[in-house]
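# Breakdown of the fold
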Amino acid sequence: MVRLIMGVKGSGKTKQLIELINNAAKDEPGNVVCIEANRTMTYDIHYHIRLIDAQEYKLNNYDLFRGFISGLYAGNYDISHVFIDNLCKTVGQDVGKETEDFLNWLAKFGEDNNIKFVVTISADASLATEGVKQYF
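This report concerns the structure included in the present document.

Each value, and the rule that gives it
Within each chain, residue numbers correspond to sequence positions counted from 1 in written order. Under the rules for a predicted model, residues below a pLDDT of 70 receive no local features and side-chain atom pairs below 80 are neither given nor counted, while totals for whole chains, interfaces and linings still include all residues. Heavy atoms throughout the structure, all of them, feed into the side-chain values; hydrogens and water do not. Working definition: helices are DSSP H or I runs of at least four residues, strands are E runs of at least two. Numbering for both runs from the N terminus. The reference for a compact globule is 2.2 Å times residues^0.38; the radius of gyration itself is calculated from the C-alpha atoms. Burial classes follow relative accessibility: with a 1.4 Å probe on protein chains only, a residue under 20% of its type's maximum area counts as buried, one over 50% as exposed, and anything between as partly exposed. When checking whether two residues touch, look at their non-hydrogen atoms; a contact exists if any pair is within 4.5 Å. Throughout, the Shrake-Rupley method with a 1.4 Å probe supplies accessible areas, and for residues the shown protein chains are the sole cover considered. Positive charges come from Lys and Arg, negative ones from Asp and Glu, while His and the chain ends are left out of the count. Where a charge lies is defined by one atom per residue type: Lys uses NZ, Arg uses CZ, Asp uses CG and Glu uses CD. Axis lines are fitted through C-alpha atoms, for helices just across the contact stretch, and the angle between N-to-C directions can take any value from 0 to 180 degrees. To sort the angles, those under 35 degrees are grouped as roughly parallel, those over 145 as roughly antiparallel, those from 65 to 115 as roughly perpendicular, and the leftovers as oblique. Each crossing gets its handedness from the near helix: less than a right angle anticlockwise from the far helix is left-handed, clockwise is right-handed. Working definition: a ring pair exists when centres of Phe, Tyr or Trp rings (six-membered ring for Trp) sit within 6.5 Å. Plane angles under 30 degrees give stacked, over 60 give edge-to-face, the rest tilted. We call a set of buried residues a nonpolar core when its members are Ala, Val, Leu, Ile, Met, Phe, Trp, Tyr or Cys and they connect through side-chain atoms within 4.5 Å of each other.

Our next topic: the overall build of the chain. Regarding its fold elements, the chain presents 5 helices and 5 strands. When the helices and strands of the chain are read in sequence order from the N terminus, they spell out β-α-β-β-α-β-α-α-β-α. Taken over C-alpha atoms, the radius of gyration comes to 14 Å for the chain, in line with the 14 Å a tight globule of 136 residues would show. The dimensions of the chain, computed from C-alpha atoms along their principal axes, are 35 × 30 × 25 Å. The 136 residues of the chain split such that 47% are buried. Of all intrachain contacts in the chain linking residues separated by at least 6 positions in sequence, the fraction that spans at least 24 positions is 69%. Of the roughly 7200 Å² of accessible surface on the chain, a fraction of 48% belongs to carbon and sulfur atoms. Of note, the chain has its 14 positive side-chain charges centred 3 Å away from the centre of its 18 negative side-chain charges.

Structural data, given as structure tokens:
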């Protein structure tokens, strides 16, 4: 399952994401991971959440991101929920076909491995392709 939260800067995406992360820390039976563009949520999320700064790993394209997520899961089969904050900023691209392909891959990977994904994108929702809109 992939859930996408998309909106312009200042629309409350991060606040909503933090609430979802903290609820998952209480409710999820498995491990919860949060990948963010920089360490801005360190003091806002529950200490049981594995917080990853994407800049440390130079996840600047979707292929690297796919490999990183696959590696996370290969190292820990107990991951049940992954939150990705500000996806397009992290990879340095605008919303487009590659974003759609990545979200489709996440959906398949999540289905195959029983992992839920919540992704935020800081952009006007009207810029989303039809394929991206299916995850709203």
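Now that the structure has been shown, the text picks up again.
As a further point, take the environment of A24. Relative to the elements of secondary structure, A24 occurs in helix α1 (residues 13–27). For the pair A24 and R3, spaced 21 residues apart in sequence, the C-alpha separation works out to 14 Å. Contacts of A24, omitting those with residues within four sequence positions, involve V32, H81 and F83.

In this section: the packing of helix α2 (residues 62–75) against helix α4 (residues 97–113). In contact at an axis separation of 11 Å, α2 and α4 are set at 15° when each is read in the N-to-C sense. When the interaxial angle is binned, α2 and α4 end up roughly parallel. Judged by the twist between their axes, the crossing of α2 over α4 is right-handed. Of the residues in α4, those touching α2 at Y62, F65, R66, I69, S70 and Y73 are E98, T99, D101, F102, W105, L106, F109 and N113.

This paragraph deals with the packing of aromatic side chains. Enumeration according to the criterion identifies 7 aromatic pairs in this entry. Each ring, one from Y62 and one from F102, has its centre 5.2 Å from the other, and the planes form 35°; the classification is tilted. Of this pair, Y62 sits in helix α2 while F102 sits in helix α4, placing them 40 residues apart in sequence. Take Y62: its relative accessible area is 2%, and that puts it in the buried class.

Let us now look at the nonpolar core. Core analysis: the largest hydrophobic core is formed by 33 residues, its most contacted members being I35, F65, I69, I84, L106 and I121. Elements supplying a minimum of two residues to this core: β1 (2–7), β2 (31–36), α2, β4 (79–84), α3 (87–91), α4 and β5 (116–122). In contact with I84, not counting residues within four places along its chain, are I35, F65, I69, F102, L106, V118, V119 and T120. In terms of nonpolar packing, the next biggest core, distinct from the first, is built from 13 residues, I5, A24, C34 and I49 among them.

A few words on unusual backbone geometry. Positive phi, normally seen in glycine, also occurs at K58, with a value near 50°. On the secondary structure map, K58 appears in the loop between β3 (50–53) and α2. A positive phi angle is found at N86, which is not glycine, with a value near 60°. Mapped onto the fold, N86 is located in the loop between β4 and α3.

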